[in-house]
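Here's the letter readout for the chains.
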Amino acid sequence: PDYRLPRDVLDAEIDRILELGINVNSPIDVGEDLTLDQLRTKHELVFLGLGAQAARRLGIPGEDGPGVISGIDFLRRRKEGQEPGCGQNVLVIGGGNTAIDAARSARRHGCSVTLIYRRSESEMPATAHELEDARREGIEFRFLAVPTRIIREGDERRQVEVQGMQLGEPGSDGRRRPEAIVGQVECLAADSVIMAISQEPAWNTSDDVLEAGSWLRPAEDGRLKDRLFAGGDDLGPGIASRAVGQGRHAAESAHAELRGLPQPSLQPPCPPLTQGSVKVDYYADRQRSRTARRPESYWLDDPDAEIDLTLSVEQASEEAARCMSCGLCFDCQQCFMYCN
């Protein structure tokens, strides 16, 4: 959403990449317009950054039809300036950052929003401060609840039946499994329902590398096959910084392969630092700079304005001065002279 990533900032980041001399061919549907094999034949190397564009479904009665939209599609409509047509009362289903983004975006559209999550608040995968920001904006939360059907009259949504849950024994992933509480069912009014429970691959090709609906499983450096690499959400849902790292690993490995160089090590140049391994007595205490935020009273009044603002030049310089270079040791021996 624009309040998180303003369009002009995003455009500037994209322009920096394109100015390196990259050609963009769009729109091209791999699977419809050409095949992955054709791409591999025409190019020395292919990197797949296909993402996870398809929304997962709950598979409940009434889910098909008007008024039910995926979180990613709702956010896309908002970003493109389309009318989302969500009505006044909106239920958002999910507990991740996409669900929070969808709920906060619907709130900015003037809707009354309730977010429903099947586990407890402490188990929400969404970032904790995002949850608090959503609360400040007036979004209500219903934990330990899951929708079981959408009640319609014709094509119109009228209510969503919600089953109360409790946490049972841990499953294979170590998390306690939600279990239905017998007899604890209620119906909530809803003009529209935004499903944001997860996403999955949506590529349209029969290539043996891209099996329908399955995640890609490359090697650690991103290699799928000879001169075919992948990274990002097509490996499994994650965050942007992880995708950036995967792209970097694949780029370095691909560069070495094309140049006939030894494959780079993926291990960090220095062993990870542990608590107590850095002696900080020589350094004066310096508190980190606090990120400036737009006043809360303006969040909904100017709904697309960025909330978290940028550090000033002075603050950025102060932050840089706090660095002790402990992650990039160049063997200056200062730590031994002053601390040992």
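As a starting point, this report considers the structure included with it. (Residues numbered from 1 in each chain as written. Predicted model: local features only at pLDDT ≥ 70, side-chain atom pairs only at ≥ 80, totals over all residues. Heavy atoms only, no water.)

### Thoughts on the packing of helix H4 (residues 97-108) against helix H5 (residues 128-136)
Look at H4 against H5: their axes get within 10 Å of each other, and the N-to-C directions meet at 20°. Comparing the axis directions of H4 and H5 gives the class roughly parallel. Classified by chirality, the crossing of H5 by H4 is left-handed. Between H4, through Asn 97, Ile 100 and Arg 104, and H5, the contact on the second element is made entirely by Glu 130, Leu 131, Asp 133 and Ala 134. A per-class count over the contact of H4 with H5 returns 3 nonpolar, 1 polar and 3 charged. (Axes fitted to C-alpha atoms, helices over the stretch in contact; angles between N-to-C directions. Helix = DSSP H or I, 4+ residues; strand = E, 2+ residues; numbered from the N terminus. Parallel < 35°, antiparallel > 145°, perpendicular 65-115°, else oblique. Left-handed = near helix turned anticlockwise from the far one by under 90°. Contact = heavy atoms within 4.5 Å. Nonpolar A, V, L, I, M, F, W, Y, C, P; charged D, E, K, R; others polar.)

### Remarks on the packing of helix H3 (residues 71-79) against H4
As a packed pair, H3 and H4 sit with axes 9 Å apart at the nearest point and diverge in direction by 45°. The angle between the axes of H3 and H4 places the two elements in the oblique class. Considering how the two elements wind past one another, H3 and H4 form a crossing that is left-handed. Contact residues: H3 offers Gly 71, Ile 72, Phe 74, Leu 75 and Arg 78, while H4 offers Thr 98, Asp 101, Ala 102, Ser 105, Ala 106 and Arg 108.

### Topic: the sheet that holds strand E12 (residues 223-225)
Here 3 strands make up an open sheet; going across it, the order is E1-E13-E12 and the pairing mixed. What marks the edges here is a single partner per strand, and that holds for strand E1 (46-48) and E12. Between one strand axis and the next, the sheet turns through 30° on average, direction left out of account. Pairing geometry for E1 and strand E13 (residues 228-230), over 3 bridges, is parallel. Its bridge partner lying in E13, Phe 47 is registered against Phe 229. The strands touched by helix H6 (residues 240-259) within the sheet are E1, E12 and E13, with E13 carrying the most contacts at an inclination of about 165°. (Pairing = 2+ DSSP bridges.)

### Things to note about the side chain of Arg 104
Position of Arg 104 relative to the elements: it lies in helix H4. Residue classification places Arg 104 among the buried residues on the basis of a relative accessible area of 2%. At 2.9 Å, the side chain of Arg 104 and the side chain of Glu 130 are in polar contact. Residues within four places of Arg 104 in sequence aside, it is in contact with Tyr 3, Arg 4, Glu 130, Asp 133, Ala 134, Glu 137, Ile 139, Trp 299 and Ile 307. (Buried < 20%, exposed > 50% of the residue type's maximum accessible area, 1.4 Å probe, protein only. Polar contact = N/O pair within 3.5 Å; in protein donor to acceptor, adjacent residues only side chain to side chain.)

### Considerations on the pairing of strand E10 (residues 192-195)
Of the two faces of E10, the one carrying Ser 192 and Ile 194 and the one carrying Val 193 and Met 195 are both buried. With 3 bridges joining them, strand E3 (residues 68-70) and E10 adopt parallel strand pairing. Across the sheet, Ile 69 pairs through a bridge with Ile 194, a residue of E10. Bridge count between strand E4 (residues 89-93) and E10: 4 bridges; the pairing is parallel. Bridge pairing in E10 links Val 92 to Ile 194.

### What about the environment of Pro 303?
Tracing the chain through its elements places Pro 303 in the loop between H6 and helix H7 (313-321). Through-space distance from the C-alpha of Pro 303 to that of Tyr 3 is 6.8 Å; in sequence the pair is 300 residues apart. For Pro 303, the contacting residues outside a window of four places in its chain are Tyr 3 and Arg 108.

### Comments concerning unusual backbone geometry
Between Ser 26 and the following residue, Pro 27, the backbone shows a cis peptide bond with an omega angle of -5°. Mapping Pro 27 onto the fold places it in the loop between helix H1 (7-18) and helix H2 (36-42). One non-glycine residue, Leu 144, adopts positive backbone phi at about 50°. Turning to its location among the elements, Leu 144 is positioned in the loop between strand E6 (140-143) and strand E7 (145-153). In this structure, Arg 227 is a non-glycine residue whose phi angle is positive, near 55°. Secondary-structure assignment places Arg 227 in the loop between E12 and E13. For Arg 227, a relative accessible area of 28% translates into the label partly exposed.

### Here's the deal with the packing of aromatic side chains
Summed over all chains, the structure comprises 1 aromatic pair. Taking the ring centre of Tyr 3 as reference, the NZ or CZ of Arg 108 above it sits at 4.0 Å. (Phe/Tyr/Trp six-rings, centres within 6.5 Å; stacked < 30°, edge-to-face > 60°. Lys NZ or Arg CZ within 6 Å of the ring centre and 35° of its normal.)

### Concerning the sheet that holds E6
Taken together, the 5 strands give an open sheet; going across it, the order is E3-E10-E4-E5-E6, and neighbouring strands pair in parallel fashion. With partners counted over all chains shown, the strands left at the sheet margins are E3 and E6, one partner each. The sheet shows a mean angle of 20° between the axes of neighbouring strands, taken without regard to direction. With 4 bridges connecting them, strand E5 (residues 112-117) and E6 associate as parallel partners. From the neighbouring strand, Tyr 117 faces E6, where its bridge partner is Phe 143. In this fold H3 packs onto E3 and E10, with an angle of close to 85° to the strand it touches most, E3.

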